[in-house]
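The lines below spell out each chain.
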Amino acid sequence: MSILLIEAFYGGSHKQLMDLLQEELQDDCVLCTLPAKKWHWKARTAALYFMQTVPTSTNYRFMPQHKLARLEKVTGLKRNGDAYQLGGLPGQQESGALGGLMKNSNAHHESGLCEAQPGLCTTQHEGLPSPLTAPARLNKSEASESTNPCQEEDKQHLTFNLSNILSGRDYQQRPLHVAWPHRWEHDKDPKTFFKVLLKLKEKNLPFHVSVLGEAFTEIPDIFSEAKKALGSSVLHWGYLPSKDDYFQALCMADVVISTAKHEFFGVAMVEAVYCGCYPLCPKALVYPEIFPAEYLYSTPEQLFKRLQNFCKRPDIVRKHLYKGETAGFSWAALGGKFRSLLAAEPREDL
């Protein structure tokens, strides 16, 4: 039985998981993707794209009828036998592809659309491509590239060595180092993050900040405004394409902060904890399921007070031993569960 992996936002932690599954499952895995852009539109319309571009195969698992009915309700699709008509979406043609996909659930290795190798079912367009046009095959390096003209000014930051900047100062005496390793988009609420930092700066509290994470075509104005206002407090500003450089930056930081308004898991926060950072997360979304209560805050004012104390006493976080559990999120712990789930016979409750 082949396994079809569909990822409508192939970037960041989404890409990390898909690449890992593809590597571990190898020949039994087919990966179909769309670029990591416009996630809010992908959530609404990616299924319509995939249903018309992923070819049917008899190798794939049957989707139970109750889940098929739920999918019809969510997407507004109307079934006519094995064909589906898109209700309420003008300009779309009736398609039998979804019926085949839902009942057989996979794509053929030898089609021009999806490949079992690193070739990806993707495109470079901002929005969803026309399903009538076969997507271009991209190799892994091309698909993972994310150039952004708005970050050209920050290229000098991409290869610098944080340890060089911090060398020469006693580790315990240097200012608190705060990291923010998230996508440069509104759903990560950078405005709240920078507002808190600027309040710390107004009170002349010493700190350094590394703003990591990937930016896309549209960058919220708050980033350029905050960079100017924070001035010499900035140690690093911009995306680090090298994982080694990225983990080094996290290892040099003391505190990692999330201000997200939208989060399904929070891989960046868990990675930072692995690297020794003290996490501060909203008491909302998925975070209470992952982090103990002492690492959660309810309001920006609470976040400010925690950081204010840490700025005055950075030794508190540097001597702190994380009290949560992270081993359960490793591939060593989860790999067998993924394999069992994907190899299991289909059941109505899956």
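Quantities reported herein were computed from a predicted structural model and do not represent experimental measurements.

(A) Local environment of the pairing of strand 11 (residues 278–282). In terms of residue burial, strand 11 counts as a mostly covered element, since five of its five residues are buried. For the segment spanning strand 10 (residues 255–257), helix 10 (residues 267–274) and strand 11, crossover handedness is right-handed. Sheet analysis places strand 11 next to strand 12 (residues 296–297), joined by two bridges and oriented parallel. Counterpart to Pro-282 in the pairing with strand 12 is Tyr-297.

(B) Focus on the nonpolar core. Core analysis: the biggest nonpolar cluster contains 54 residues, and Phe-194, Phe-291 and Leu-307 have the highest contact counts within it. Sequence-distant contacts of Leu-307, that is, excluding residues within four places in its chain, are made with Leu-176, Val-178, Val-196, Leu-197, Leu-200, Val-255, Ile-257 and Leu-280. Counting residues in hydrophobic clusters, the runner-up holds ten residues, among them Ala-8, Leu-34, Val-54 and Tyr-60.

(C) Highlighting the side chain of Ser-210. Topologically, Ser-210 is positioned in strand 8 (residues 207–212). When its relative accessible area of 0% is taken as the criterion, Ser-210 is described as buried. Within the local environment of Ser-210, its side chain forms a polar contact with the side chain of His-177, the two groups lying 2.7 Å apart.

(D) Here's a closer look at the sheet that holds strand 9 (residues 234–237). Taken together, six strands build an open sheet; the order of strands is 9-8-7-10-11-12 and the sheet is parallel. A strand with exactly one partner marks an edge of an open sheet, and here the two such strands are strand 9 and strand 12. Of the strands in this sheet, strand 7 (176–181), strand 8, strand 9 and strand 10 are in contact with helix 7 (residues 190–202), which crosses strand 8 at around 165°.

(E) Summary view of the pattern of salt bridges. Here the structure, examined in full by the defined rule, presents eleven salt bridges. The shortest N-O distance in the salt bridge between Asp-187 and Arg-183 comes to 2.9 Å. Each member of the pair, Asp-187 as well as Arg-183, carries the same accessibility label: buried. Linking Lys-323 and Glu-294 is a salt bridge whose minimum nitrogen-to-oxygen distance equals 3.2 Å.

(F) Here's a closer look at the packing of aromatic side chains. On inspection of all chains with the given rule, the structure shows 19 aromatic pairs. Relative to Phe-216, the ring of Phe-9 has its centre 6.4 Å away and its plane inclined at 70°; by these criteria the two rings are edge-to-face. Of this pair, Phe-9 sits in strand 1 (residues 3–10) while Phe-216 sits in the loop between strand 8 and helix 8 (222–230), placing them 207 residues apart in sequence. Accessibility classification places Phe-9 together with Phe-216 in one group, the buried group. An angle of 25° between the planes, with centres 5.5 Å apart, marks the rings of Trp-180 and Phe-193 as stacked. Here Phe-193 lies in helix 7 and Trp-180 lies in strand 7, a separation of 13 residues in the sequence.

About the criteria used
Residues numbered from 1 in each chain as written. Predicted model: local features only at pLDDT ≥ 70, side-chain atom pairs only at ≥ 80, totals over all residues. Heavy atoms only, no water. Buried < 20%, exposed > 50% of the residue type's maximum accessible area, 1.4 Å probe, protein only. Helix = DSSP H or I, 4+ residues; strand = E, 2+ residues; numbered from the N terminus. Right-handed = clockwise from strand over helix to strand, strands pointing away. Pairing = 2+ DSSP bridges. Core = buried A, V, L, I, M, F, W, Y, C linked by side-chain atoms within 4.5 Å. Contact = heavy atoms within 4.5 Å. Polar contact = N/O pair within 3.5 Å; in protein donor to acceptor, adjacent residues only side chain to side chain. Axes fitted to C-alpha atoms, helices over the stretch in contact; angles between N-to-C directions. Salt bridge = Lys/Arg side-chain N within 4 Å of Asp/Glu carboxyl O. Phe/Tyr/Trp six-rings, centres within 6.5 Å; stacked < 30°, edge-to-face > 60°.

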